[in-house]
Amino acid sequence: MSGKSLTLGVFGFGCVGSGLYETLRQSNFKGANIKRFCIANPDKERSAPNALFTTEADELLNDPEIDVIVELIDNSEAAYQIVTKALRNGKAVVTANKKLLAEHLQELIALQDETGQPILYEGAAAASIPIIRNLEEYYDNDLLREVSGILNGSTNFILSAIEDGGTFDAALELAQKLGFAESDPTLDVDGWDAKFKLTILLAHAFGIVVEPSDIPHVGITRISPQVQRIANERRERVKLVGKCWREDKKVFAHVIPTFVTQEDELNQVENEVNGVVVEGAFSQRQFFRGKGAGSFPTAAAVLSDISALTYDYRYEYKKLNREKDFEFVNDHSIWVHVSGNNRDVLPLYAFEEVVNTFRSPEHSYVEGRIGLRNLINLSKEGNWSAVALSSAAVSQFEKQNNLELAN
Ligand SMILES: NC(=O)C1=CN([C@@H]2O[C@H](COP(=O)(O)OP(=O)(O)OC[C@H]3O[C@@H](n4cnc5c(N)ncnc54)[C@H](OP(=O)(O)O)[C@@H]3O)[C@@H](O)[C@H]2O)C=CC1
Ligand SMILES: N[C@@H](CC=O)C(=O)O
């Protein structure tokens with residue numbers, strides 16, 4: 001099928017924007033050409049002709065020849081202005097900006113209806129992994145149970161480097177240098193970026209639009225060498241996992257570092273690679289793996305969106321229009337390992353159930369089931385780090401509980 005030919009106005013010529021320029025030059029795709037780039041700093045040297053660049057946003061947004069605005073900047077407030085104006089000016093939008101999308105999803109869905117113009121954003125969740133369009137189209141009629149995975153490349157890169165003997169700071173610096181980390185890297189290491197992506201996946205998997213602040217999250221900054229050692233002893237690894245899942249009409253979501261066993265698909269996902277598990281009643285368990293950050297892998301997703309626009313593809317938010325009686329739950333309990341590096345009294349009071357404790361002068365921990373609110377409060381109150389127990393360990397504890405209940 002050959003589609004239309006599109007004229008693009010692109011905001012941003014950083015890691016992803018310059019990747020898109022090069023990708024379009026090298027690919028066989030003939031459906032679009034870039035008319036102009038809008039950037040912030042006119043004095044930077046660029047790997048494209050000077051005539052292509054401007055700092056005047058309206059030169060792109062008001063240009064009647066431009067059909068599509070591709071938004072690839074690192075400032076979500078400015079991106080909001082650009083994207084909303086583009087839609088109102090009758091232009092389709094492609095963006096990879098998960099913060100913008102997660103924080104304004106409801107409004108942006110409504111604005112697409114109001115203006116008739118689409119926004120596509122495959123690059124905004126797990127970069128090169130084609131998860132959003134698959135949730136919309138391939139899994140349209142499956143009864144999805146779970147979408148989970150490693151959704152942030154930088155934190156996975158850092159965790160992999162620490163396992164190889166590197167330091168957190170050096171690994172983060174390298175992730176920034178390689179273009180994986182956000183301009184504000186606390187968004188990566190504190191778990192916000194994974195949560196923004198999970199917010200987007202929730203909408204496409206289960207038709208639930210929530211504020212990112214509604215999803216409990218824990219980042220990786222407090223993971224100590226002792227926790228890494230315990231993971232090693234158990235032949236598990238620590239990964240930052242975002243997860244949303246359904247039980248009957250209830251849908252749950254959280255982001256938290258998690259012990260991952262060798263049998264788990266996520267165990268072997270290294271460096272900036274991401275991995276997404278989709279579980280449906282019919283398709284059952286499937287696993288997607290691919291680069292979750294970086295210039296070309298993200299540009300590939302952006303290119304795919306541009307190509308989809310040539311045949312008028314748009315998200316229909318099918319689940320949103322269909323699954324109207326799902327209830328979002330964010331105060332559920334999870335099984336965790338909570339540890340500290342001192343002799344503080346273990347926070348047993350916060351747990352609903354304790355299955356394991358350990359105390360030594362340097363390192364203490366407690367393992368058990370805890371409500372997410374209590375867990376988040378604990379990490380605010382003290383220097384506790386939290387890692388969710390592996391799904392294998394959780395099934396074992398749940399099985400024991402069920403046996404005890406039955407007896
Ligand atoms: N890097 C990655 O691996 C991935 C990034 N993303 C997302 O893609 C987007 C871009 O990321 P990335 O390329 O890494 O960011 P960079 O920091 O590498 O580049 C940002 C670009 O935005 C430009 N810019 C900033 N503010 C404005 C503005 N107000 N108007 C016009 N241009 C502006 C900058 O201009 P100048 O060059 O003049 O400074 C720069 O070219 C972000 O939303 C990010 O979250 C998504 C998936 C992966
Ligand atoms: N900072 C992000 C970039 C891609 O979304 C990450 O590290 O995953």
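Predicted model, so just to flag it, every value in this text is computed and none were measured. All chains use their own residue numbering, which begins from 1 and follows the written sequence. To label them, take the chains in the order written and letter them from A, then take the ligands in the order written and number them from 1. Reporting of local features is limited, given that this is a predicted model, to residues whose pLDDT is at least 70; pairs of side-chain atoms are given and counted only at 80 or more, and all residues count toward the totals for whole chains, interfaces and linings. With hydrogens and water set aside, each side-chain value is computed from the structure's full complement of heavy atoms.

**A word on the pairing of strand β13 (residues 333–340)**
- Judged by how many residues are buried, β13 sits mostly within the fold: 7 of 8 residues are covered.
- Bridge analysis of β13 against strand β15 (residues 364–371) gives 8 bridges, and the strand direction is antiparallel. By the bridge assignment for β15, S339 is matched with Y365. Each residue is placed in one exposure class: buried if its accessible area under a 1.4 Å probe, protein chains only, is under 20% of its type's maximum, exposed if it is over 50%, and partly exposed if it falls in between. Numbering goes from the N terminus for both helices and strands, where a helix is a DSSP run of H or I of at least four residues and a strand is a run of E of at least two. Each pair of strands is called paired provided DSSP finds at least two bridges between the two strands.

**Some details on unusual backbone geometry**
- Of note in the backbone geometry, D248 takes a positive phi value of approximately 55 degrees without being a glycine.
- Inspection of the secondary structure puts D248 in the loop between β8 (236–247) and β9 (250–261).
- You will see that Y317, though not glycine, has its phi angle at about 50 degrees, which is positive.
- Checked against the element boundaries, Y317 lands in the loop between α11 (295–310) and α12 (318–322).

**Describing the site of ligand 1**
- Here a residue is considered near a molecule or strand provided that any single heavy atom belonging to it is located within 4 Å of it. Taken together, 25 residues form the shell around ligand 1, and within it N41, K44, R46, E182 and G294 come nearest.
- Polar contacts here mean pairs of N or O atoms no more than 3.5 Å apart (in protein, one a potential hydrogen donor and the other a potential acceptor; neighbouring residues in sequence count only if both atoms are side-chain atoms). In the model, an oxygen atom of ligand 1 is placed 3.1 Å from a nitrogen or oxygen of the A40 main chain.
- The contact in question runs from an oxygen atom of ligand 1 to an N or O atom on the side chain of E182, over 2.7 Å.
- Residue exposure ignores everything except the shown protein chains as possible cover, and the areas themselves are Shrake-Rupley values with a 1.4 Å probe. Relative to its unbound accessible surface of 910 Å², ligand 1 loses 85% to contact with the protein.
- Among the detected pockets, ligand 1 sits in the largest pocket.
- By residue class, the composition of the shell around ligand 1 is 11 nonpolar, 9 polar and 5 charged. Buried and open spaces are told apart on a 1 Å grid over the protein atoms alone, a cavity being a set of points where a 1.4 Å probe fits but cannot get out and a pocket being an open set with protein on both sides within 12 Å along at least five of seven lines. Residues with an atom within 4 Å of a point are the lining residues. A molecule is said to be in a cavity or pocket once over half of its atoms fall within 2 Å of that pocket's grid points. For this classification, Asp, Glu, Lys and Arg are treated as charged, while Ala, Val, Leu, Ile, Met, Phe, Trp, Tyr, Cys and Pro are nonpolar and the rest, including Gly, are polar.

**Overview of the pattern of salt bridges**
- By convention in these notes, a salt bridge is any Lys or Arg side-chain nitrogen within 4 Å of a carboxyl oxygen on Asp or Glu. Per the counting criterion, the structure on display carries 25 salt bridges.
- The partner of E22 in a salt bridge is R25, and the shortest N-O contact between them spans 3.3 Å. A residue pair is termed a helical-turn pair when its members lie 3 or 4 positions apart in one helix, as E22 and R25 do in helix α1 (residues 15–26) at 3 residues.
- For E22, a relative accessible area of 21% corresponds to the partly exposed category.
- Judged by relative accessible area, R25 falls into the exposed class, the value being 55%.

**As for the packing of aromatic side chains**
- The rule is short: rings of Phe, Tyr and Trp, with Trp giving its six-membered ring, pair when the centres are within 6.5 Å, and they are stacked under 30 degrees, edge-to-face over 60, tilted in between. Counting across every chain of the model gives 14 aromatic pairs.
- Their ring planes at 70 degrees and their centres at 5.5 Å tell us that F157 and F180 sit as a pair that is edge-to-face. Taken together, the positions of F157 in helix α6 (residues 153–163) and F180 in the loop between α7 (168–177) and α8 (186–189) put the pair 23 residues apart, joining distant regions of the chain. Each member of the pair, F157 as well as F180, carries the same accessibility label: buried.
- In this scheme, Lys NZ or Arg CZ marks a charge over a ring once it lies within 6 Å of the ring centre and within 35 degrees of the ring normal. For the cation-ring pair, R133 lies above Y313, with the distance from its terminal atom to the ring centre recorded as 5.5 Å.
- If you follow R234 out to its NZ or CZ, it ends over the ring of F259, 5.7 Å from the centre.

**Regarding the UniProt feature "domain: Homoserine dehydrogenase catalytic" (unreviewed entry) in the protein**
- With numbering aligned to this structure, UniProt lists the feature "domain: Homoserine dehydrogenase catalytic" (unreviewed entry) at residues 130–306.
- What you have in residues 130–306 is 38% helix and 27% strand, and the ends, taken at the C-alpha atoms, are 14 Å apart. UniProt positions are given in the numbering used here, feature names are shortened, and annotations may be inferred rather than shown by experiment.

**Some thoughts on the nonpolar core**
- Only buried Ala, Val, Leu, Ile, Met, Phe, Trp, Tyr and Cys residues count toward a nonpolar core, and they belong to the same one when joined by side-chain atoms within 4.5 Å. Within the largest apolar cluster, 107 residues are counted, with the highest numbers of intra-cluster contacts made by L8, L20, V70, Y121 and I131.
- In this description, contact between two residues means that some pair of their heavy atoms is separated by no more than 4.5 Å. Residue contacts for L8: discarding those within four places in its chain leaves L24, A32, N33, I34, K35, R36, I66, V68, V70 and I306.
- I334, I370, L372 and A388 belong to the second-largest nonpolar core, a separate cluster that totals 17 residues.

**Overview of the packing of helix α3 (residues 76–88) against helix α4 (residues 98–115)**
- Working convention: axes come from line fits to C-alpha atoms, limited for helices to the stretch in contact. Angles between N-to-C directions cover 0 to 180 degrees. Running from N to C, α3 and α4 cross one another at 10 degrees; their axes reach a closest spacing of 11 Å. The orientation of α3 with respect to α4, classified from their angle, is roughly parallel. Of the residues in α4, those touching α3 at S76, E77, A79, Y80, V83, T84, L87 and R88 are K99, L100, E103, H104, E107, L108, L111, E114 and T115.
- Across the contact of α3 with α4, the residue classes break down as 7 nonpolar, 4 polar and 6 charged. Throughout this description, any angle smaller than 35 degrees is read as roughly parallel, any larger than 145 degrees as roughly antiparallel, any in the 65 to 115 degree range as roughly perpendicular, and the remainder as oblique.

**A look at the packing of α4 against helix α9 (residues 192–206)**
- For the pair α4 and α9, the least separation of the axes is 9 Å and the interaxial angle reads 50 degrees. Here α4 is positioned oblique relative to α9, judged by the angle of their axes. Here α4 and α9 pass one another in a crossing that is left-handed. Residues K98, K99, L101, A102, E103 and L105 of α4 lie in contact with α9, whose contacting residues are D193, F196, K197, T199, I200 and A203.
- When the residues that make up the contact of α4 with α9 are grouped by side-chain class, the tally is 6 nonpolar, 1 polar and 5 charged. Handedness of each helix crossing follows the sense of rotation of the near helix against the far helix: counterclockwise by less than a right angle gives left-handed, clockwise gives right-handed.

**Focus: the site of ligand 2**
- The environment of ligand 2 is formed by K98, N152, G153, S154, F180, A181, E182, D188, D193, K197, G292 and A293.
- K98 places a polar side-chain atom, nitrogen or oxygen, 2.5 Å from an oxygen atom of ligand 2.
- Note that an oxygen atom of ligand 2 is positioned 3.4 Å from one of the side-chain N or O atoms of N152.
- For ligand 2, whose accessible area on its own is 250 Å², the fraction buried by protein is 93%.
- Mapping ligand 2 onto the cavity grids shows that it belongs to the largest pocket.
- Elements supplying a minimum of two residues to the shell around ligand 2: α6 and α9.
- In the shell around ligand 2, the residues fall into 3 nonpolar, 4 polar and 5 charged.

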